[in-house]
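# Report on the structure
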Amino acid sequence: QVQLVESGGGLVQAGGSLKLSCAFIGDMAQYGAIGWFRQAPGKEREAISCLSLEDGTTYYTDSVKGRFSISRNTARNTIFQQMNSLKPEDTATYYCAPDFDTSCQWYLSPRSYKYLEVWGQGTLVTVSA
């Protein structure tokens, strides 16, 4: 019913920038929030950004705050994540995921990924030193 397709990943040097896209296929209006996760090898999937679909406000985890920015193109049903000042520790597979609830505070909490049902295939971001 709902499908997500992430794109825009690739290889970039430290200090560089990259913009990820998430095509949302389906009814976004049934969800309260949407955001981005990432998963590095050997680590749990972690939420890094969240956009409230109620009022458009955005939230970030401390590790990316000031460097990453989530946004939405409502006409195209597309979610973006602009990533600046990239660091080698940003290397991971990045996913977008919607949540029925409206709480970005919960969305960004540890292990929230275990309770979300819809995922895309992810897009790999590699940052070289």
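To start, this report covers the structure provided alongside it. The model shown is predicted, which means the values in this text are computed figures rather than measured ones.

## With respect to the overall build of the protein chain
Helix and strand counts for the protein chain stand at 1 helix and 10 strands. Counting helices and strands in the order they occur from the N terminus, the protein chain gives β-β-β-β-β-β-β-β-β-α-β. Relative to the globule expectation of 14 Å for 129 residues, the C-alpha radius of gyration of the protein chain, 13 Å, shows essentially globular dimensions. The principal-axis extent of the C-alpha atoms belonging to the protein chain is close to 40 × 30 × 25 Å.

## Description of unusual backbone geometry
With a phi close to 55°, N77 is a non-glycine residue in the positive phi region. Tracing the chain through its elements places N77 in the loop between β7 (68-73) and β8 (78-83). Classification of N77 as partly exposed rests on a relative accessible area of 22%. Positive phi values are uncommon outside glycine, yet R111 reaches one of about 65°. Here R111 shows up in the loop between α1 (104-107) and β10 (123-128). The exposure class assigned to R111 is partly exposed, which follows from its relative accessible area of 44%.

Rules of the game
Every chain is numbered on its own, with residues counted from 1 as its sequence reads. Predicted model: local features are reported for residues with pLDDT of at least 70 only, side-chain atom pairs are reported and counted for 80 or more only, and whole-chain, interface and lining totals are derived from all residues. Processing note: side-chain calculations cover all non-hydrogen atoms of the structure and skip hydrogens and water entirely. Helix and strand assignments come from DSSP, with helices taken as H or I runs of at least 4 residues and strands as E runs of at least 2, each series counted from the N terminus. Both definitions apply: the radius of gyration is a C-alpha atom measure, and the globule rule equals 2.2 Å times residues to the power 0.38. Buried residues are those whose accessible area, probed at 1.4 Å on protein chains only, stays under 20% of the maximum for their type, while exposed residues exceed 50% and partly exposed ones sit between those limits.

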